[in-house]
Amino acid sequence: MKVLDGRDKDLALQCWETDAVVPVGGRFLCWVDYYRGILVGRVLADGGSALTYVPLPVDTPWAKPDHGQECPEASRSVCVTAGDTVKFVSVDRGLVFVFTVTIWTPGKARDGGMEWEKDGEFRAAELWAFSGYERLPRVPPEYPVVSMVDPDALCFMVS
């Protein structure tokens, strides 16, 4: 099976671990490795079986981090919303109570490849300033999920 980058260059991806599989529009399947990127394949493609590699818009170390983050789903998520829009959410942690949440949507690059466009970003202080948050623990949110119905609604788990 060939794995192509967005510009039809053949890639040899090693150590791929699928963290999630996401269907898009009934025509594509996306195999997600939250440290390496996304492999996009056309379902029932007539022209052979090639996958397209899409790197994530954040640092993606080729070795899994060894700082206690065995569950990448706790801080990263690929979701599909209404209209078959793909969203990538990343919760990037700094110090103990410092974090940034960033949301991206894929778009076409000028050279025919794919590039991520930043939809939004907020920091810990902005989240804690929301009405109703005063009763929730002041910890980094985990397991981000974008609503399938409302692409502007983002859910987390806090504990």
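Residues numbered from 1 in each chain as written. Predicted model: local features only at pLDDT ≥ 70, side-chain atom pairs only at ≥ 80, totals over all residues. Heavy atoms only, no water.

> Honestly, the overall build of the protein in this entry has me stumped. Any pointers?
Of the regular secondary structure elements, the protein holds one helix and 12 strands. Listing each helix as α and each strand as β along the protein from the N terminus yields β-β-β-β-β-β-β-β-β-β-α-β-β. When each of the 159 residues of the protein is scored for burial, the buried share is 37%. Counting only contacts in the protein whose residues sit at least 6 apart along the sequence, the fraction spanning at least 24 positions is 39%. Taken as a whole, the protein presents about 9,600 Å² of accessible surface, with 55% of it coming from carbon and sulfur. (Helix = DSSP H or I, 4+ residues; strand = E, 2+ residues; numbered from the N terminus. Buried < 20%, exposed > 50% of the residue type's maximum accessible area, 1.4 Å probe, protein only. Contact = heavy atoms within 4.5 Å. Areas by Shrake-Rupley, 256 points an atom, 1.4 Å probe, with all protein chains shown as cover.)

> It is not clear to me how the packing of aromatic side chains should be interpreted in this structure. Could you clarify?
Two aromatic rings, taken as a pair, are described by how far apart their centres are and by the angle between their planes. Under the defined criterion, the tally for this structure stands at four aromatic pairs. With a centroid separation of 6.4 Å and an interplanar angle of 85 degrees, the aromatic rings of Phe122 and Phe156 are classed as edge-to-face. Of the two residues, Phe122 is situated in strand β10 (residues 114–123) and Phe156 in strand β12 (residues 154–157); the sequence distance between them amounts to 34 residues. Taking relative accessible area as the criterion, Phe122 reaches 15% and is therefore assigned buried. You can call Phe156 partly exposed: its relative accessible area is 26%. Grouped by ring-pair contacts, the aromatic residues Phe88, Trp104 and Trp116 constitute a single cluster. (Phe/Tyr/Trp six-rings, centres within 6.5 Å; stacked < 30°, edge-to-face > 60°.)

> In this structure, what is going on with the confidence of the model for the protein? I would like to understand it.
Do not read the predicted coordinates in detail wherever pLDDT is low. With 79% of its residues at a pLDDT of 70 or more, the protein has an overall mean of 81. No element of the protein has a lower mean pLDDT than strand β2 (residues 10–11), at 50, and none a higher one than strand β11 (residues 142–146), at 94. (pLDDT = per-residue confidence, 0-100.)

> How should I be thinking about the nonpolar core in this particular structure?
General note: in soluble globular proteins, nonpolar side chains tend to be found buried as a group. Among the nonpolar cores identified, the biggest contains 16 residues, and Val22, Val32, Tyr34, Ile38, Val78, Phe88 and Trp116 are the most heavily contacted of them. Only β3 (20–24), β4 (28–33), β7 (76–81) and β8 (85–93) provide two or more residues apiece to this core. Residue contacts for Val22: discarding those within four places in its chain leaves Phe28, Leu29, Cys30, Val32, Val78 and Val80. Residues Cys79, Val89, Val101 and Leu127 belong to the second largest nonpolar core, which totals 12 residues. (Core = buried A, V, L, I, M, F, W, Y, C linked by side-chain atoms within 4.5 Å.)

> Teacher, can you tell me more about the environment of Val54 here?
Following the sequence through the fold, Val54 ends up in strand β6 (residues 50–54). We classify Val54 as buried; its relative accessible area is 9%. Between the C-alpha atom of Val54 and that of Trp116, which follows or precedes it by 62 residues, the distance is 9.5 Å. What Val54 contacts, discounting residues up to four positions off in sequence, is Gly37, Ile38, Val40, Met114 and Trp116.

> Explain the pattern of salt bridges here, please?
It is possible for side chains bearing opposite charge to pair when their charged atoms get close. Applying the stated rule across the entire model yields five salt bridges. For Arg36, the salt bridge is made with Asp33, and the minimal N-O distance between the two is 2.9 Å. In terms of burial, Arg36 and Asp33 fall into one category: buried. Residue Glu121 pairs with Arg123 through a salt bridge whose shortest N-O separation is 3.3 Å. (Salt bridge = Lys/Arg side-chain N within 4 Å of Asp/Glu carboxyl O.)

> Which parts of the structure should I look at to understand the pairing of β8?
The two faces of a sheet get side chains in turn, since along a regular strand they alternate between them. Where β7 and β8 come together, six bridges link them in antiparallel fashion. The partner of Cys79 across the bridge, within β8, is Lys87. Pairing analysis gives six bridges linking β8 to strand β9 (residues 99–108), with the strands arranged antiparallel. In the strand pairing of β9, Ser90 is matched with Thr102. Taken together, β8 and the strand that follows it, β9, pair antiparallel across an intervening segment of five residues. (Pairing = 2+ DSSP bridges.)

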